[in-house]
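# Fold and contact review
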Amino acid sequence: MLSEFLGTFVLIMFGLGCVAVAVVGLPGSGRQTGDFGAANWVIIGWGWGLGVVFGVYVAGGISGAHINPAVTLAFAVRRGFPWRKVPAYWLAQLVGAFVAAALIYAVYSPAINAYNATKGIASRAASQDTFAIFATFPAKYYAGGLWGPLLDQIVGTALLVALIAAIIDQRNQAPTGNLGAFIIGLVVVGIGFSFGTDAGYAINPARDLGPRLWTYLEGWGGLAFPGAGTYFDNYWWVPIVGPLVGAVIGILVYDFVIGQVLDARAEAEGGHEPPPPPGRSGDSDSTITREGTVEGGGVEARHGRT
């Protein structure tokens, strides 16, 4: 739990920090003479990707560095991760995200207050721009509809989890030299650049819910819960349900399209058994009956059927 807490904390520190730089840091610091425009999105995309890389490197050797409740759920569904550990992982991830949001707020509160003062915004509850530092909301073109953002979160997280499954699968073309964490970070960069403007690409329930809880306590009010802004309402549940559904779809698609072929190939080549499930090799409740563990990108996985 401490490992998942710290890994998620590192992820959220870099992720929220880069958004704070783009939204209030550069505009209020005197270091930016004009609007960055689309370049701000590049800062955000790379910041979140690097946050994933560093979070995985921090936590991978202890907990497998899920650092995302959706990944934990997918590994429980198809990788033999013990179901009894799922609530503990989820709690650790949520608390890590919450504490990171609190620290980012402590660092950037002067910039947040200065931004609101410059814009003539008297109440944080009316400051959607500064709320965006911490949690997500849908694009204007959805006109308040929730199905579009929900679909976006399902698709984005399905891509994330399916690609994680591919990257850590040693029977496929997994990266070597402990580069898995970096490649998974690039996946997050790619998702941000491809789908990010739809709904802020949370693709991680803890990433959104933890900071959202913090903003509610610090005065952003209805923007946080129920998730009501100038053109959307009752949004808070979308970045939770969407990623959880998408994660299960992603792992099932990978296993059905690719995994079963790799299983058949391994059997034809001599019945070589795949590695054990996520978690350390000493876990007696992980149904570890096979040789060794494989740690690709810090995320250990059982690559066969469960």
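Residues numbered from 1 in each chain as written. Predicted model: local features only at pLDDT ≥ 70, side-chain atom pairs only at ≥ 80, totals over all residues. Heavy atoms only, no water.

## Thoughts on the overall build of the protein
- Each helix and strand in the protein was counted, giving nine helices and two strands.
- From first element to last, N terminus to C terminus, the protein shows the α and β order α-α-α-α-α-α-α-α-α-β-β.
- Each of the 306 residues in the protein was classed as buried or not, and the buried ones make up 54%.
- In the protein, of all internal contacts separated by at least 6 residues, the share reaching a separation of at least 24 is 76%.
- By element, 66% of the accessible surface of the protein is carried by carbon and sulfur atoms, the whole surface being about 12700 Å². (Helix = DSSP H or I, 4+ residues; strand = E, 2+ residues; numbered from the N terminus. Buried < 20%, exposed > 50% of the residue type's maximum accessible area, 1.4 Å probe, protein only. Contact = heavy atoms within 4.5 Å. Areas by Shrake-Rupley, 256 points an atom, 1.4 Å probe, with all protein chains shown as cover.)

## Looking at helix α4 (residues 86–119)
- Counted at 1.5 Å a residue, the expected span for α4 with its 34 residues is 50 Å, but the 43 Å between its end C-alpha atoms falls short.
- Positive phi appears at Gly 120, one or two residues downstream of α4, with a value of about 75°. (Expected span 1.5 Å × (residues − 1).)

## Considering empty space enclosed by the protein
- Tallied over the entire structure, the rule returns two cavities of 30 Å³ or more.
- Put simply, the largest cavity is a space of about 220 Å³.
- Along the walls of the largest cavity sit 20 residues, with Val 52, Asn 68, Leu 160, Val 188 and Asn 204 positioned nearest its centre.
- The element that contributes the greatest number of residues to the lining of the largest cavity is helix α2 (residues 39–63), accounting for three residues.
- Grouping the amino acids of the lining of the largest cavity by side-chain chemistry returns 15 nonpolar, four polar and one charged.
- Taken as a whole, the second largest cavity holds about 30 Å³ of empty space.
- Trp 46, Gly 49, Leu 50, Val 53, Phe 182, Gly 185, Leu 186 and Val 189 are the residues that line the second largest cavity.
- Only α2 and α7 (180–199) provide two or more residues apiece to the lining of the second largest cavity. (1 Å grid on protein atoms, 1.4 Å probe; cavity = no way out; pocket = protein on both sides within 12 Å on 5 of 7 lines; lining within 4 Å. Points joined across faces, edges and corners; volume = space filled by probe spheres on them. Nonpolar A, V, L, I, M, F, W, Y, C, P; charged D, E, K, R; others polar.)

## Comments concerning the pattern of salt bridges
- Considering all chains together, one arrives at six salt bridges under this definition.
- The salt bridge partner of Asp 169 is Arg 171, with a shortest N-O separation of 3.0 Å.
- On the accessibility criterion, Asp 169 (0% relative accessible area) is buried.
- Among the ionic pairs, Arg 212 bridges to Asp 208, the shortest N-O distance being 2.8 Å. With Arg 212 and Asp 208 both in helix α8 (residues 205–217), this residue pair falls four residues apart, about one helical turn.
- Linked through salt bridges whose partners overlap, the residues forming this network are Arg 78, Arg 79 and Asp 255. (Salt bridge = Lys/Arg side-chain N within 4 Å of Asp/Glu carboxyl O.)

## Side note on the packing of aromatic side chains
- Following the criterion strictly, the structure yields 15 aromatic pairs and no others.
- Measuring from centroid to centroid gives 5.3 Å for Tyr 231 and Phe 232, while their planes differ by 70°, and the two rings are edge-to-face.
- With a relative accessible area of 4%, Phe 232 lands in the buried category.
- Seen in terms of ring centroids, Phe 232 and Tyr 235 are 6.2 Å apart; in terms of plane orientation they differ by 70°. Their pairing is edge-to-face. Judged on exposure class, the residue Phe 232 and its partner Tyr 235 are both buried.
- Ring pairing ties together the aromatic residues Phe 98, Tyr 105, Phe 134, Trp 214 and Trp 220, which thus form one cluster. (Phe/Tyr/Trp six-rings, centres within 6.5 Å; stacked < 30°, edge-to-face > 60°.)

## Looking at the nonpolar core
- Core analysis: the biggest nonpolar cluster contains 72 residues, and Trp 48, Ile 112, Ile 133 and Phe 134 have the highest contact counts within it.
- When residues of this core are traced back to their parent elements, those giving at least two are α1 (2–29), α2, α3 (69–78), α4, α6 (147–167), α7 and α9 (238–268).
- When sequence neighbours within four positions are dropped, the list of residues in contact with Ile 112 reads Val 24, Tyr 105, Thr 130, Ile 133, Phe 134 and Trp 220. (Core = buried A, V, L, I, M, F, W, Y, C linked by side-chain atoms within 4.5 Å.)

## A word on the environment of Ala 247
- Mapped onto the secondary structure, Ala 247 falls in helix α9.
- Taking the C-alpha atoms as reference, Ala 247 lies 8.9 Å from Val 155; in sequence the two are 92 residues apart.
- Filtering out sequence-adjacent residues up to four positions away, Ala 247 remains in contact with Ala 70, Ala 74, Thr 157, Ala 158 and Val 161.

## Quick notes on the confidence of the model for the protein
- Of all residues in the protein, 88% attain a pLDDT of 70 or more, and the chain-wide mean is 89.
- Taken together, the stretch residues 280–306 has pLDDT below 50 and engages in 99 contacts with residues farther than four places along the chain or on a different chain. (pLDDT = per-residue confidence, 0-100.)

## Overview of the packing of α2 against α7
- At a minimum axis separation of 8 Å, α2 and α7 run at an interaxial angle of 150°. One way to sum up the angle between α2 and α7 is to call them roughly antiparallel. The handedness of the crossing between α2 and α7 is right-handed. In this structure, α2 uses Trp 41, Val 42, Gly 45, Trp 46, Trp 48, Gly 49, Val 52, Val 53, Val 56 and Tyr 57 to contact α7, whose residues at the interface are Ala 181, Phe 182, Ile 184, Gly 185, Leu 186, Val 188, Val 189, Gly 192, Phe 193, Gly 196 and Thr 197. (Axes fitted to C-alpha atoms, helices over the stretch in contact; angles between N-to-C directions. Parallel < 35°, antiparallel > 145°, perpendicular 65-115°, else oblique. Left-handed = near helix turned anticlockwise from the far one by under 90°.)

## Focus: the side chain of Arg 124
- Within the fold, Arg 124 resides in the loop between α4 and α5 (128–131).
- Separated by 3.0 Å, the side chain of Arg 124 and the backbone oxygen of Glu 218 make a polar contact.
- The residues touching Arg 124, leaving out its near neighbours within four places in the chain, are Tyr 105, Asn 113, Asn 116, Glu 218, Gly 219, Trp 220 and Leu 223. (Polar contact = N/O pair within 3.5 Å; in protein donor to acceptor, adjacent residues only side chain to side chain.)

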